[in-house]
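This is what each chain is made of:
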Amino acid sequence: MKHSLATTGLSLSQAQSISNLCNQRVREIDNKLSVVNNASKQVTIDGIEYQETQPNPMPADAVAMLKEKSRLNATQAFLMENIRAKDELLVATRQLEFNYETITPFPTREKLQLVTELDEVGESWGWDQLTASEYNEYLEVEAYAAHIGQFIHNRGKLDQLRKELPTIKTLEWLEVEAGKKTPVKVITHHTADDLLMLHEELAALHRGYEQRVNYYKAKVKNLVTAENARIARANADEQSCVNAINQKIIAEFETAQNLWYDAEKQAKFEFHEVIETQIKEIAAYRIQVPDRFQPVIDMFITPEK
């Protein structure tokens, strides 16, 4: 997993708090956008005007709201991944067990070695080859593409508004009592052109982010293909080395067996010292925030002077 853990930056408690605040801001934006409609409805009964449907037009800053939502979501994803990364590092380090044979196998009069081929790598390996900056950009553009696409694509809020607008009648009738109807004036606050312009603007943004997402997916695929080709060549070279390795095992057996015990004792002592040091270092890790996420962090925390 890519992470941005370092000796300086946000503490985990700060990161968790900011993540929660990001989530709250996203909910606020969702609440504002979810109530947008195309028209309000008013009705007059016995000379008294009533508001049947409140007007909730598209906010003038809808694009900015969606961008802010994407920034918040991307920053939250970055923080949560690094919180998980630190926990996983601590757990993995504490679970390490000393087994000298995994480092230096106990010398035995073993059979001649067979060829051990390297396994091909998968997509997860490809993602691990990206730099932290590249992976963070992928998280960001994926968030933009997903949230803007969700808003404009089929069954999204904007799509629903565009489909609904042509079907709205300018006048409706409300039956206030049996046999008596009164007119209801329907007031639209969007035009088809307004919604089309908004759709085109968001669609252009979505295409740009989607292209960047596809770029990273293609890059990862190419990295995996190239690495698997390298592994295939390495496996071929391994085949030619097997005979020489087997001869060396037989020649060095007696000497290696005596030396192994001394090395195992020293290695065990050093192993426990290293593990204790690593645990202390990881426990002190903080989250170093890249520039792309710093503006959102600054919304919730005042930098230390």
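A brief structural summary.

Details of the overall build of the protein
Line of reasoning, step 1. For the protein, the count of helices and strands is eight helices and six strands.
Line of reasoning, step 2. Element order for the protein, N to C, with α for helix and β for strand: β-α-β-β-α-α-α-α-α-β-β-α-β-α.
Line of reasoning, step 3. Rg of the C-alpha trace for the protein: 31 Å, well past the compact-globule value of 19 Å for 305 residues, more than 25% over.
Line of reasoning, step 4. The dimensions of the protein, computed from C-alpha atoms along their principal axes, are 110 × 45 × 40 Å.
Line of reasoning, step 5. Counting the 305 residues in the protein, one finds 32% classified as buried.
Line of reasoning, step 6. Within the protein, contacts between residues at least 6 apart in sequence are counted, and of these 82% link residues at least 24 apart.
Line of reasoning, step 7. As displayed, the protein has an accessible area near 19,500 Å², and 51% of this comes from carbon and sulfur atoms.

Concerning the side chain of Ser11
Line of reasoning, step 1. Mapping Ser11 onto the fold places it in the loop between strand 1 (5-6) and helix 1 (12-34).
Line of reasoning, step 2. Polar contacts involving the side chain of Ser11 include one to the side chain of Ser13, which spans 3.1 Å.

Here we look at the pattern of salt bridges
Line of reasoning, step 1. This structure, assessed with the given rule, holds nine salt bridges.
Line of reasoning, step 2. Between Arg25 and Glu68 there is a salt bridge, with its nearest N and O atoms 3.9 Å apart. Taken together, the residues span a long stretch of sequence, with Arg25 in helix 1 and Glu68 in helix 2 (residues 62-94) at a distance of 43 residues.
Line of reasoning, step 3. The shortest N-O distance in the salt bridge between Lys219 and Glu134 comes to 2.5 Å. Highlighted residues: Lys219 in helix 7 (residues 192-283) and Glu134 in helix 5 (residues 132-152), separated in sequence by 85 residues.
Line of reasoning, step 4. You can call Lys219 partly exposed: its relative accessible area is 24%.
Line of reasoning, step 5. A relative accessible area of 19% places Glu134 in the buried class.

Parameters at a glance
In every chain, residue numbers begin from 1 and rise along the written sequence. Whole-chain, interface and lining totals are the exception, using all residues; otherwise, since this is a predicted model, local features are given only for residues with pLDDT of at least 70 and side-chain atom pairs are given and counted only at 80 or more. For side-chain calculations, the full set of non-hydrogen atoms in the structure is used, while hydrogens and water are omitted. Starting at the N terminus, helices and strands are each numbered in turn, a helix being any DSSP run of H or I of at least four residues and a strand any DSSP run of E of at least two. In this treatment the radius of gyration is a C-alpha quantity, and the globule benchmark scales as 2.2 Å times the residue count to the 0.38 power. The buried label goes to any residue with under 20% of its type's maximum accessible area, the exposed label to any with over 50%, and the partly exposed label to all in between, with areas taken from a 1.4 Å probe on protein chains only. It only takes one pair of heavy atoms within 4.5 Å for two residues to be counted as in contact. Method for areas: the Shrake-Rupley scheme with a 1.4 Å probe, in which residue coverage is limited to the protein chains shown. What qualifies as a polar contact is a pair of N or O atoms within 3.5 Å, subject to a donor-acceptor requirement within protein and to the restriction that residues adjacent in sequence count only when both atoms come from side chains. By salt bridge we mean one thing: a side-chain nitrogen of Lys or Arg within 4 Å of a carboxyl oxygen of Asp or Glu.

Everything listed is a geometric property; what it means functionally is a separate question.
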